[in-house]
Amino acid sequence: MQSSPVVLSIAGVTKRFGALVANEAIDLDIRQGEILALLGENGAGKTTLMNILFGHYVADEGKIQVAASDGGLQTLPAGSPQAALQAGIGMVHQHFALADSLTVLENIVLGTGSLGSPTLHKRKARTRLRGLMSESGLTVDPDERVSRLTVGERQRVEILKVLYRGARILVLDEPTAVLTPQEANSLFAVLRQLKARGLSVIFISHKLREVLAIADRVAVLRGGRKVADRPVAGTDRAMLASLMVGREVPVSRREPQAPGRTVLRLDRVDVPGAGGRIGLTQASLEVRESEIIGIAGVSGNGQAALAGLIAGVTRAAVGAVTLFGAPLQPSPRSVVRAGIGRIPEDRHHEGVVGSLTIAENLVLETLDDPAVQRWGFLRFSAIRDHARALIAAFDVRCLGPDSPVRLLSGGNIQKVILARELGREPRLILANQPARGLDVGAAAEVHRRLLVARRRGAGILLISEDLDELLSLSDCIAVIARGRLSPAAPVESLTLERLGLLMAGQDAEDQAA
Amino acid sequence: MIRLEARGRPTALVSTAAPLGALLAALALATLPLLAAGAPVGPAFARMAAGAAGSTFALTETLTRATPLILTGLAAAVAFRARLYNVGAEGQLYAGALAAVMIGSGAIDAPSSVLVPLILLASALAGALLMLGPTLLKAKLGVDEVVTTLLLNFIVLLFVQMMLEGPLKDPMGGGWPQSEPILDAGILPPLVERMRLHAGLILGAGLCVITHIVMARTVLGLKIRAVGDNASAAQYAGISVTGVIVMVGCLSGALAGLAGASEVAGLKGYLTADLSRGFGYAGIVVAMIAGLQPLLVLPAAIFIAGIFVGADTMSRTMNVSNYIADLIVAFALLSVLVSSLFVRFRLRWR
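Residues numbered from 1 in each chain as written. Chains lettered and ligands numbered in written order. Predicted model: local features only at pLDDT ≥ 70, side-chain atom pairs only at ≥ 80, totals over all residues. Heavy atoms only, no water.

A. Molecular detail of the overall build of chain B. In terms of helices and strands, chain B carries 13 helices and 2 strands. For 350 residues, the compact-globule formula gives about 20 Å, and the C-alpha radius of gyration of chain B, at 21 Å, lands near that figure. For chain B, the residues scored as buried account for 51% of the 350 residues in total. Pairs at least 24 residues apart make up 76% of the contacts formed inside chain B by residues separated by at least 6 positions. Accessible surface computed for chain B: about 15,200 Å², of which carbon and sulfur atoms make up 70%. Separation of charge centres in chain B, based on 22 positive and 16 negative side chains, amounts to 18 Å. (Helix = DSSP H or I, 4+ residues; strand = E, 2+ residues; numbered from the N terminus. Rg over C-alpha atoms; globule rule 2.2 N^0.38 Å. Buried < 20%, exposed > 50% of the residue type's maximum accessible area, 1.4 Å probe, protein only. Contact = heavy atoms within 4.5 Å. Areas by Shrake-Rupley, 256 points an atom, 1.4 Å probe, with all protein chains shown as cover. Lys, Arg positive; Asp, Glu negative; His and termini not counted. Charge placed at Lys NZ, Arg CZ, Asp CG, Glu CD.)

B. Summary view of a nonpolar patch on the surface. All names here are of chain B. Taken together, Tyr85, Val146, Val147, Leu150, Leu151, Phe154 and Tyr281 make up a surface patch of nonpolar side chains, about 570 Å² in accessible area. Sort the elements by how many residues they give to the nonpolar patch and helix 6 (residues 145-165) lands first, with 5 residues. Note on placement: Tyr281 falls in helix 11 (residues 279-289). (Patch = residues over 30% accessible without salt bridge, like charges linked within 9 Å, V, L, I, M, F, W, Y side chains within 5 Å. Salt bridge = Lys/Arg side-chain N within 4 Å of Asp/Glu carboxyl O.)

C. Quick look at the interface of chain A and chain B. Across the boundary between the two partners, chain A contributes 36 residues, which contact 25 residues of chain B. Between chain A and chain B lies a buried interface of about 2,600 Å² when both sides are counted; carbon and sulfur atoms form 57% of it. Of all residues in chain A, the largest losses of buried area upon contact with chain B belong to Glu350, Leu367 and Leu378 of chain A, amounting jointly to 17% of the total for that side. In this assembly, chain A and chain B are joined by 1 salt bridge. Our enumeration of links across chain A and chain B arrives at 11 residue pairs in polar contact (both at pLDDT 80 or more). For the side of chain A that touches chain B, the secondary-structure elements that each account for two or more residues are strand 1 (6-17), helix 10 (332-338), helix 11 (347-351) and strand 18 (377-378) of chain A. Broken down by element, the side of chain A that touches chain B gets its largest block of residues, 4 residues, from helix 11 of chain A. A breakdown of the residues in the side of chain A that touches chain B according to their chemical character gives 19 nonpolar, 10 polar and 7 charged. (Buried area = accessible area lost by both parts, 1.4 Å probe. Polar contact = N/O pair within 3.5 Å; in protein donor to acceptor, adjacent residues only side chain to side chain. Nonpolar A, V, L, I, M, F, W, Y, C, P; charged D, E, K, R; others polar.)

D. A look at the nonpolar core. With 159 residues, the main nonpolar core has Ile429 and Leu450 of chain A together with Leu271 of chain B as its most contacted residues. Formed by 50 residues, the second largest nonpolar core is a distinct cluster that contains Ala184, Leu194, Leu199 and Leu208 of chain A. (Core = buried A, V, L, I, M, F, W, Y, C linked by side-chain atoms within 4.5 Å.)

E. Spatial organisation of the environment of Leu207 of chain B. Residue and element names in this part refer to chain B. The topology assignment puts Leu207 in helix 7 (residues 200-217). On the accessibility criterion, Leu207 (15% relative accessible area) is buried. Here the alpha-carbon distance between Leu207 and Gly280, two residues 73 residues apart in the chain, equals 17 Å. Non-local contacts of Leu207, meaning those with residues more than four positions away in its chain, are made with Leu71, Leu74, Leu255 and Leu258.

F. Layout of the sheet that holds strand 1 of chain A. All names here are of chain A. The strand order 2-1-4-5 describes an open sheet built from 4 strands, whose pairing is antiparallel. The strands lining the two open edges of the sheet, one partner per strand, are strand 2 (20-31) and strand 5 (73-75). Pairwise comparison of adjacent strand axes, ignoring direction, gives a mean angle of 20° for this sheet. Sitting on the sheet, helix 1 (residues 46-53) is in contact with strand 1, strand 2 and strand 4 (61-67), with an inclination near 115° to strand 1. (Pairing = 2+ DSSP bridges. Axes fitted to C-alpha atoms, helices over the stretch in contact; angles between N-to-C directions.)

G. The packing of aromatic side chains, seen in detail. What the rule picks out here adds up to 2 aromatic pairs over all chains. Between Phe188 of chain A and Phe203 of chain A, the aromatic rings sit 6.0 Å apart at their centres with planes inclined by 65°, giving edge-to-face as the arrangement. Within this pair, whereas Phe188 of chain A is found in helix 6 (residues 181-196), its partner Phe203 of chain A is found in strand 8 (residues 200-205), the two being separated by 15 residues in sequence. Of the two residues examined, Phe188 of chain A and Phe203 of chain A, each falls in the buried class. Ring geometry for Phe80 of chain B versus Tyr85 of chain B: centroids 5.0 Å apart, planes at 65°, classification edge-to-face. The buried category is assigned to Phe80 of chain B, whose relative accessible area is 9%. When its relative accessible area of 32% is taken as the criterion, Tyr85 of chain B is described as partly exposed. Lying over the aromatic face of Tyr164 of chain A, Arg128 of chain A brings its terminal NZ or CZ to 4.2 Å of the ring centre. The ring centre of Tyr236 of chain B lies 4.3 Å from the NZ or CZ of Arg342 of chain A, which sits over that ring. (Phe/Tyr/Trp six-rings, centres within 6.5 Å; stacked < 30°, edge-to-face > 60°. Lys NZ or Arg CZ within 6 Å of the ring centre and 35° of its normal.)

H. Expanded view of the pattern of salt bridges. All names here are of chain A. Going through the model one piece at a time under the given rule, you end up with 39 salt bridges over all chains. Linking Glu286 and Arg265 is a salt bridge whose minimum nitrogen-to-oxygen distance equals 2.9 Å. One end of the pair, Glu286, is in strand 12 (residues 280-288); the other, Arg265, is in strand 11 (residues 262-271), with 21 residues separating them in the sequence. Overall, the relative accessible area of 31% leaves Glu286 in the partly exposed class.

I. Structural detail: helix 4 (residues 89-104) of chain B. All names here are of chain B. Under the 1.5 Å per step criterion, the end-to-end length of helix 4 is 22 Å for 16 residues, consistent within 8% with the ideal 22 Å. Taken across its 16 residues, helix 4 has 14 buried, putting it largely inside the fold. Where helix 4 terminates, the next one or two residues include Gly106, which has phi positive at roughly 120°. (Expected span 1.5 Å × (residues − 1).)

J. Representation of the pairing of strand 10 (residues 225-231) of chain A. Residues and elements named next belong to chain A. Where strand 9 (residues 217-222) meets strand 10, 6 bridges bridge the pair, whose relative direction is antiparallel. Following the sheet pairing, Arg217 is matched in strand 10 by Pro231. Linkage of strand 9 to strand 10, two consecutive antiparallel strands, is achieved through a turn of 2 residues, within which Gly223 is found at a positive phi near 55°.

K. Region of the structure containing the sheet that holds strand 14 (residues 318-323) of chain A. Residues and elements named next belong to chain A. Ordered by their spatial adjacency, 4 strands build an open sheet running 12-11-14-15, and the pairing between neighbours is antiparallel. The open sheet has two free edges, formed respectively by strand 12 and strand 15 (326-327), since each of these has just one partner strand. Bridge count for strand 11 against strand 12 is 6 bridges, and the pairing is antiparallel. The residue bridging Leu264 from the neighbouring strand is Val287, located in strand 12.

L. The arrangement of the confidence of the model for chain B in detail. In this model, chain B carries an average pLDDT of 90, and 96% of its residues clear a pLDDT of 70 or more. For this predicted complex, the interface confidence score (ipTM) comes to 0.85, while the overall pTM stands at 0.79. (pLDDT = per-residue confidence, 0-100.)

M. Here's a closer look at the side chain of Glu421 of chain A. By secondary structure assignment, the location of Glu421 of chain A is in helix 14 (residues 410-422). Residues contacting Glu421 of chain A, with those up to four places away along its chain left out, are Ile340, Gly341, Arg342, Ile343, Glu365 and Pro426 of chain A.

N. Structural detail: unusual backbone geometry. Residues other than glycine seldom take positive phi values, yet Glu425 of chain A does so here, at roughly 55°. Position of Glu425 of chain A relative to the elements: it lies in the loop between helix 14 and strand 19 (428-432). Glu425 of chain A sits in the exposed class, given a relative accessible area of 52%. A positive phi angle, near 60°, is found at Arg194 of chain B, a position not held by glycine. With respect to the helices, strands and loops of the structure, Arg194 of chain B is situated in the loop between helix 6 and helix 7.

O. Representation of the environment of Ser355 of chain A in the model. Mapped onto the elements of the fold, Ser355 of chain A is located in the loop between helix 11 and helix 12 (358-362). Ser355 of chain A sits in the partly exposed class, given a relative accessible area of 36%. Between the C-alpha atoms of Ser355 of chain A and Ser486 of chain A, which are 131 residues apart in sequence, the distance is 41 Å. Once residues lying within four places of it in the same chain are set aside, the contact partners of Ser355 of chain A are Pro404 and Arg406 of chain A together with Asp229 of chain B.

This is the structure:
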């Protein structure tokens, strides 16, 4: 391994944004046939570094060199995405950029020919694509429309697209976020095959388990600096976590606690899917006090319908939804008033209004409250006092109650939402992907808050795609697949493999067998 | 190559210097058409400044011209804050003016203290009602309000022309298509002796302050700001986005309708089909230059009015076309928009 040549060398790269140092003197080499994991919390500088690599930003100091065809290293011109592509660096983004109505082949060819060319040279492209598929083990039907592909298949198309453009250094940004464990395993198999073919892979992640499973070497960024660069062999999760965070990460533990009365019951509920998305079919579920019910599933299998139903934004077409013993009134205002705390899936899209201040966001759901307004006028001093108390209680790092939420980091925005939702001491909490996109420290804080609420007696419905999160927090887990909800099973009876199979929708076959 | 890079947080210096720099840039750009017209730049600008603010007469004329712009500017500022792109202030102004003459030119005989508020109320109501259709269509069916409000302008103007040729035509008007005059009791009083400046300015300035208070300090204002910035989060939090959109639309229409009443009852005295010199559209420019801040609408409207009035003087005395005013206003709008880009991004040369 040590003998293989360096194909990409980042030397002394520094990037400042005003007073903020996003990258500080980062050195990073990657060798041919190596899988390098780039590990770091949000804001550690991973994205900035990759943006510099791809020419989206220009580094203030330092240079990037790439292996040339003669084997020597040659400096990559800064600030040119074109040059990065030509040098054989390809990136697979977390969010796919595919044209749904075109076929796999058309998507892959798109943008490679000159605009003036009258034909797409499909025959030649097809031959080349077949070659790439057999080399890499990435198999997709080239004539299938992208809209008919699964998420895992779409990711293969993205990787093929990058390989087709001649990439020899592949950068994957959080590639497993949208995959089931099985799909992730087959991605890893592909990456190993590519590695055997002499390609180099930079694998950006914050999932320690995956880093340990796939990477040869791991580089850890923290606060813009590289704090570790070592072979994966001989490291473990605890060590990587503390390198990433810079201190010991507290692990929240669920203490055994007997559940109380039922707070939420779904009885064979159908929710129509909105905008071509999967709805809910015959879903039954029960959440009791002091109980965390986890909902596992691959994104887009009906979670949005389930969350929308409980958040009061979508209605059940069939079936009964009972909240605290009474039928649920489907409107955000009435569910909030009834005592549900709602942590939405997309905190920027649904959770906060960025241009409003922290104090304003904290009262957004309770504008009718006489403590918030009198005769239509906002009671700013009361609103600010309320905000100060919550900022202190939930440790929101900010300049004060009047600073716009837009300026906060993702973790702090989530704290604002937690403060608003949990500060009311709700009896039922809907937590939809509450730790997604958060760094290890912030995620641990979210988990701790949920466990505190559980101890207080709240029932919690936790919808997540992160199986580790579900397995460590939930009392029982139900799996959602194609709009159907499996019965909730005690977490002790479940394994990662079993959950993965359920998530792939194999529940029915198992029952038949 | 030039590249744009996001600034972390714009400094106070940058965010105050940018709009001022933009206005200077607009004037600098205005030298180009002046040079093309063969006019000496220095004296031309001097005449313009004198024409806009050089005497009591000039100043009152500028403020008179600013009055409708303040109201239509507020109309645009309020609506645009909620991302409701009401470009129909021109039509709402005419609807307000129509309501003003229907109430004020003899239908009701009452003392001034009753008639003036009635006229204002009627014109605000007319403007607000005109926004009901577009906002409901937008909220319920997703119909683009830019199209509906824009097209309503032509419908309203043609309707006004029909009324002026028909039922509202003044029999004493010598055959001209104009309405009967507003009763003396319905006239907005002048502010300066023997000048055209009228109490509409007080109304506009007062409404700037009131609108600011509504936007900054009331529940409604908070809802408007929330819906404008992130409608899905507002909806999720239980704010009725439909309700807010309709509310804001009516508020915006009412402000534009008041501009019509102010022109009819304050300046002209009767309604003609050429009452507005594009005040509805110029209001959009005013609102953009003011950064959609109600309090800044006042200076922005006075600035735009000053340019129009000053350019009139300049064109009379220097023999250049007064279309230069339109050019300067266009330059001002463009440079303010560009400057707002520089507040958020910095240029990098490489």
